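Listed below are the residues making up each chain.
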Amino acid sequence: MTHTPSDPTTAPSGRPPVVDQATWQAARDELLVREKAHTRAGDALAAARRRLPMVEFDGTVEVVGPDGPVPFLDLFQGRDELVVYKHMWYDGAPHQGQCEGCTTTVWHLKDPVYLNARGVSFAVVTTGRWEEVAAYVEFMGYTQPWYSVRGVEGPAGGEMGYLTSYLREGDRVFLTYSTTGRGTERVNGSLALLDITPYGRGEAWEDKPEGWPEGGEPCCSWRSDAGGNATWGPTSRPVPQWTRPGATPEETLGRLGPYG
């Protein structure tokens, strides 16, 4: 069914004009030129990233996983390449008190099967004590390999909140790349999809048409109460945790210990 386009002068306040399909396609094609340039710029950045110098470090440094202390080399699982997400950690916090940004990021890559098919392993490391980390991993239902790097310096450990890649040649291990902040967005596919929606991410920093819904803080929508309302209140938790079977509003931040 074909609808007659509205008069742009009578379009809802603050909204883009309503036009016919041909006019929309012309505007879309014009934007596509810019999108393709953005893609090619990204390809050039990736090429430069592959040419960064590397840092060699001791791959036998021990991290702690479900089988106890193991060398960092084990995280490669016999493959030559490794991507690690360094999950921030709050000692002694209940599960719902852990970082909402890191929780959401890791949730988007629960199964690295496609990475593995390309010869790349994936693991999550954090500075928490293994006993707390293991309970949290079980609570979340994560299937990725997790390890504690408590007391381990970089490049294997160090600061958290980073997405980092490594290369192995035999028993030699190299740091090749690391990024934090918005550099970790590449893991969060939901953000990429939100970027193509009319209202975007719903974050205050975004450039929106006048009259578009007001945005909030970047992490606000990543933590909510049981009703899905963004909040950092006493009954809130990182959004992915509400999908855990048996999650209830009574599991509040006020409870002591890493028990959720």
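Let me begin by describing the structure that accompanies this report. Owing to the predicted nature of the structure, the values given are computational and were not obtained by experimental measurement.

What counts as what
- Residues numbered from 1 in each chain as written.
- Predicted model: local features only at pLDDT ≥ 70, side-chain atom pairs only at ≥ 80, totals over all residues.
- Heavy atoms only, no water.
- Phe/Tyr/Trp six-rings, centres within 6.5 Å; stacked < 30°, edge-to-face > 60°.
- Helix = DSSP H or I, 4+ residues; strand = E, 2+ residues; numbered from the N terminus.
- Buried < 20%, exposed > 50% of the residue type's maximum accessible area, 1.4 Å probe, protein only.
- Lys NZ or Arg CZ within 6 Å of the ring centre and 35° of its normal.
- Pairing = 2+ DSSP bridges.
- Lys, Arg positive; Asp, Glu negative; His and termini not counted.
- Salt bridge = Lys/Arg side-chain N within 4 Å of Asp/Glu carboxyl O.
- Polar contact = N/O pair within 3.5 Å; in protein donor to acceptor, adjacent residues only side chain to side chain.
- Contact = heavy atoms within 4.5 Å.

### Re the packing of aromatic side chains
Point 1. Evaluation of the coordinates by the stated rule reveals 10 aromatic pairs.
Point 2. Measuring from ring centre to ring centre gives 5.7 Å for Phe 57 and Tyr 166, while their planes differ by 65°; the resulting arrangement is edge-to-face. Of this pair, Phe 57 sits in strand β1 (residues 55-57) while Tyr 166 is found in strand β7 (residues 162-169), placing the two residues 109 residues apart along the sequence. Each member of the pair, Phe 57 together with Tyr 166, is buried.
Point 3. A ring pair is formed by Phe 72 and Tyr 166, whose centres lie 5.0 Å apart and whose planes are at 70°; its orientation type is edge-to-face. Within this pair, whereas Phe 72 is found in the loop between β3 (68-71) and β4 (81-87), its partner Tyr 166 is found in strand β7, the two being separated by 94 residues in sequence.
Point 4. Taking the relative accessible area as the measure of exposure, Tyr 166 reaches 2% and is therefore buried.
Point 5. When the ring centre of Tyr 177 is taken as reference, the NZ or CZ atom of Arg 49 above it lies at 5.0 Å.

### Details of the pairing of β4
Point 1. A large share of β4 lies buried, amounting to 5 of its 7 residues.
Point 2. Strand direction decides the pairing type here: β4 and strand β5 (residues 120-126), joined by 7 bridges, are parallel. Looking at β5, one finds that Val 83 is bridged to Phe 122.
Point 3. Relative to β7, β4 runs antiparallel, the two being bridged by 5 bridges. Pairing of Leu 82 across the sheet is with Tyr 166, part of β7.

### As for the side chain of Lys 86
Point 1. With respect to the secondary-structure elements, Lys 86 resides in strand β4.
Point 2. One buried charged side chain, Lys 86, makes no salt bridge at all; its nearest oppositely charged neighbour is Glu 159, positioned 9.0 Å away.
Point 3. Looking at Lys 86, its side chain comes within polar contact range of the main-chain oxygen of Gly 157, at 2.6 Å.
Point 4. If sequence neighbours within four positions are ignored, Lys 86 has contacts with Cys 102, Val 125, Pro 155, Ala 156, Gly 157, Glu 159, Met 160, Gly 161, Tyr 162, Thr 164 and Tyr 166.

### Some details on the pattern of salt bridges
Side-chain pairs of opposite charge can arise whenever the charged atoms involved come near each other.
Point 1. Counting across every chain of the model gives 11 salt bridges.
Point 2. Between Asp 91 and Arg 129 there is a salt bridge, and its shortest N-O distance comes to 3.8 Å. Of this pair, Asp 91 sits in the loop between β4 and α2 (100-107) while Arg 129 sits in the loop between β5 and α4 (130-140), and the two are 38 residues apart along the sequence.
Point 3. When its relative accessible area of 44% is taken as the criterion, Asp 91 is described as partly exposed.
Point 4. The residue Asp 195 makes a salt bridge to Arg 201 at a minimum N-O spacing of 2.8 Å.
Point 5. Taking relative accessible area as the criterion, Asp 195 reaches 42% and is therefore assigned partly exposed.
Point 6. A network of salt bridges, in which partner residues are shared, links Asp 91, Arg 129, Glu 132 and Arg 150.

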